[in-house]
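Summary of the model geometry
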Amino acid sequence: MPRNTRSAFPYKLFVAVSLTTRTRYFVIASLLLLLIGVGTGLVAYYVGLPLRVFQSSVPQELRYVPADASLVAYANVHDVMSSQLRQRVRRVIPIPENGQRQFQNETGINIETDIDRIVACLGRQGSPGGAGSARGANGNNVGPQSGLVLARGRFDTVKIEALMRDHGAAVEEYKGKRVIAHPAPAPPTGEGFALAFMEPGLAAIGGTLMVRTAIDLMTGGSNVTSNAELMSQIRLLADGNAWAVGRFDDLRANAKLPEQIASQIPPITWFSLSSRIDTGIRGTLRADTRDAEAATNLRDVVRGFVALAKLQAGNKPELQAVVQSLALGGSDKTVTLSFSVPGEVFDAIGAAARPPGR
């Protein structure tokens, strides 16, 4: 058993992305979509956010992501939206798409048909090396954080600008780029929401300061590709068609968790998720800890969690395939947990959620 018997797993991490109410769901869902393993397909369908099979090469959109981003996620959209799993989920679990429709009404972008792939990040507000720069005593990024989604696809820029103007947005020039921005709401809600076209077929959507940061990186400054430590993590994930990687201690430092919760979280430095969605979901969760002892403790906790899951699934045939696929691994300071969720599980979920007689 782990030395710290108070450790709790799994745990929840809440990251606040400061955007207006009517647009906040898009950035948050884009980030969370890539962090949740078993629920990836369901969340994708819920927000109507398409995914596509990844290329093995590093996505070009990373050059617009600041070097000190706490979280980077990538999704390539078309194949997953047309996958057997997505069609199965649509068939057995009817979920309203009001959020997608509202986003289209206010921006002119149809998430399902207009977007091919996305890069999402969470970072500090402000330009690289600018006033937003701040580091804590342990070297962690601290200060306000905001989300940015870089969407590659086909956009009617004139229609989008006109529609956003009709919904209260204003157009401003920033370093030669037209930034369509909603005004910032009253404190403490946070910064405003903006959209800018970085190049033909590439839209930057997110907090106003983060969009300006992306524009700054077009002419210089350090982007995430210069962060060797983060890029080494990203290159491990190229085989998935949905992945995310983040600096866990940065996110924890900015989450402002109560001490009684923060003290229970294992000393993790990096976390990542790589998943492939086709007929089902296959993926691997990975955590890098500060030392080998912490990895051993975390591995013991996860082993107990897996044993409990297998016990609970004993009388649920539809879940047995999932828990039997759980495989714990890793060495030294790394802990991994691989999983596989067959498409039939979603049939069982749909049947359980369906009212009697339907």
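Being a predicted model, the structure only gives us computed values, none of them experimental.

Another aspect to go through is the pattern of salt bridges. This model, assessed by the stated rule, comprises 15 salt bridges. With its nearest N and O atoms 3.2 Å apart, the salt bridge here joins Arg63 to Glu199. Taken together, the residues span a long stretch of sequence, with Arg63 in the loop between helix H2 (40–47) and strand E1 (71–76) and Glu199 in strand E6 (residues 193–199) at a distance of 136 residues. The class for Glu199 is partly exposed, based on a relative accessible area of 22%. Through salt bridges with shared partners, a single ionic network connects Glu61, Arg63, Arg117, Arg152 and Glu199.

Below, the discussion takes up the side chain of Arg152. Following the sequence through the fold, Arg152 ends up in strand E3 (residues 145–153). Using a relative accessible area of 13% as the deciding quantity, one classes Arg152 as buried. With residues up to four places along the chain from it excluded, the contact list for Arg152 reads Gln60, Glu61, Asp114, Ile115, Asp116, Arg117, Glu199, Pro200, Gly201 and Leu202.

The next point concerns the packing of aromatic side chains. As enumerated under the stated definition, the model contains 3 aromatic pairs in all. On the basis of an interplanar angle of 10 degrees and a centroid distance of 5.7 Å, the ring pair of Tyr74 and Trp243 is categorised as stacked. Taken as a pair, Tyr74 in strand E1 and Trp243 in strand E8 (residues 242–247) lie far apart in primary sequence, 169 residues in all. Each member of the pair, Tyr74 as well as Trp243, is classed as buried. Between Arg212 and the ring centre of Tyr174, over which it is positioned, the NZ or CZ distance is 5.7 Å.

Here the protein averages 75 in pLDDT, while 70% of its residues score no lower than 70. Between residues 1–56, whose pLDDT stays under 50, and residues either more than four places distant or in other chains, the model counts 170 contacts.

Now for the pairing of strand E10 (residues 281–289). By the bridge criterion, 9 bridges tie strand E9 (residues 268–277) to E10 in an arrangement that is antiparallel. Bridge pairing in E10 links Phe271 to Ala287. Between the end of E9 and the start of E10, which pair antiparallel, lie 3 residues. Direction of pairing for E10 relative to strand E12 (residues 334–341): antiparallel, over a ladder of 8 bridges. Across the sheet, Arg286 pairs through a bridge with Thr336, a residue of E12.

Here the focus is unusual backbone geometry. Of note, the phi angle at Lys175 is positive, near 50 degrees, even though the residue is not glycine. Position of Lys175 relative to the elements: it lies in the loop between strand E4 (170–174) and strand E5 (177–181). Assessed through its relative accessible area of 56%, Lys175 is described here as exposed. A positive phi angle, close to 55 degrees, is found at Asp332, a residue other than glycine. With respect to the helices, strands and loops of the structure, Asp332 is situated in the loop between strand E11 (327–329) and E12. Under the relative-accessibility criterion, Asp332 is labelled exposed at 54%.

Our focus in this paragraph is helix H8 (residues 208–216). Extensive coverage of H8 is indicated by the burial of 7 of its 9 residues. Inspection of H8 places Thr208, Met210, Val211, Thr213, Ala214, Ile215 and Asp216 among the buried residues, and these make up the whole buried set. The elements touched by buried residues of H8 are strand E2 (115–124), E3, E4, E5, E6 and strand E7 (202–207).

What counts as what
- Residues numbered from 1 in each chain as written.
- Predicted model: local features only at pLDDT ≥ 70, side-chain atom pairs only at ≥ 80, totals over all residues.
- Heavy atoms only, no water.
- Salt bridge = Lys/Arg side-chain N within 4 Å of Asp/Glu carboxyl O.
- Helix = DSSP H or I, 4+ residues; strand = E, 2+ residues; numbered from the N terminus.
- Buried < 20%, exposed > 50% of the residue type's maximum accessible area, 1.4 Å probe, protein only.
- Contact = heavy atoms within 4.5 Å.
- Phe/Tyr/Trp six-rings, centres within 6.5 Å; stacked < 30°, edge-to-face > 60°.
- Lys NZ or Arg CZ within 6 Å of the ring centre and 35° of its normal.
- pLDDT = per-residue confidence, 0-100.
- Pairing = 2+ DSSP bridges.

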